[in-house]
Amino acid sequence: MSMDIVGSTGNRDGHTRPPRLRLAVLDMVGTTITDDGRTEQAMARALLEHGVEPGSARFESMLGYARDTMGYSKATVFTHLFDDPRTAESANKVFELAYDELIADGGVRAIQGAAETIAWLRDAGMKVCLATGFGRHTQNMVLESLGWMGEADLSLCPDDAGRGRPYPDMILTAVLALDVDDVREVVVVGDASSDMLSGVRAGASAVVGVLSGSHSEATLRAAGATDVVPSIRNLPALLEPRAARL
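Definitions and limits used
- Residues numbered from 1 in each chain as written.
- Predicted model: local features only at pLDDT ≥ 70, side-chain atom pairs only at ≥ 80, totals over all residues.
- Heavy atoms only, no water.
- Helix = DSSP H or I, 4+ residues; strand = E, 2+ residues; numbered from the N terminus.
- Expected span 1.5 Å × (residues − 1).
- Buried < 20%, exposed > 50% of the residue type's maximum accessible area, 1.4 Å probe, protein only.
- Contact = heavy atoms within 4.5 Å.
- Pairing = 2+ DSSP bridges.
- Axes fitted to C-alpha atoms, helices over the stretch in contact; angles between N-to-C directions.

Student: Where do I start with helix H2 (residues 57–68) in this structure?
Tutor: Because an α-helix packs 3.6 residues into every turn, residues spaced three or four apart end up facing the same way. Spanning 12 residues, H2 covers 16 Å between terminal C-alpha atoms, matching the ideal 16 Å at 1.5 Å per step. Every buried residue of H2 is accounted for by Phe 59, Met 62, Leu 63, Gly 64 and Ala 66. Contacts from the buried residues of H2 go to helix H1 (38–48) and helix H3 (74–81).

Student: Just to check I follow, could you spell out the sheet that holds strand S4 (residues 127–131) for this structure?
Tutor: Sheets are built from strands paired through backbone hydrogen bonds, the pairs being either parallel or antiparallel. The 6 strands lie next to each other as S5-S4-S1-S6-S7-S8, forming an open sheet whose pairing is parallel. The open sheet has two free edges, formed respectively by strand S5 (154–156) and strand S8 (227–229), since each of these has just one partner strand. On average, each strand axis in the sheet is tilted by 20 degrees relative to the strand beside it, whichever way the strands run. Relative to S4, strand S1 (residues 23–27) runs parallel, the two being bridged by 5 bridges. Its bridge partner lying in S4, Val 25 is registered against Cys 129. Here helix H5 (residues 114–123) sits on the sheet in contact with S1 and S4, set at roughly 145 degrees to S4. Sheet contacts for helix H9 (residues 193–202): S1, strand S6 (186–190) and strand S7 (206–210); angle to S7, the most-contacted strand, approximately 175 degrees.

If you want it as structure tokens, here you go:
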């Protein structure tokens, strides 16, 4: 399926055209950036420091849940892993501190073609929002480490919107903040099922999965992906047919 960036709701033969894509909501880790497993390393440290023995069935089960819920608010993931709210909050703080330490060595980097794709989207007249399941502090640390502060029109985390993925809140917050008229003018791009679910629930007309991160094509399509491409760098080719007619 090739999407189209076009600004018309009708044509001479009376057929309705898809709305112009005006906003791209792009996931971060696994979609536009890679951290070489540092998210999981920080998660493992948070579990260890809260009494979960590495290698135990409980440890593997909890880490497996964290993998399955990639893209979710990390604070929310910890509330699901620990019954006690104070323990969950403490574990999330340990995660954030551990992640800060792990990215200090420059281990977070842009996925090949990501910066060029962001520039292409903006040149095509679209706004760009970078969305994450990290907290605000961690998201800012990542953006600063990449030199990406100001690279997008907007960056959002769950705290900014009320709820994180798989809920539609971050996408809808971006729609409001960037004065987009119609949720159908949104393309959502991510590597996890939660990205796809949030896009579907928000009403985005294009929900694109990438295979550079967490989940398989089958998982992404089962969650509602309209298209699946190998990487973020393939997004312009997916959208190009309509961009050419602007």
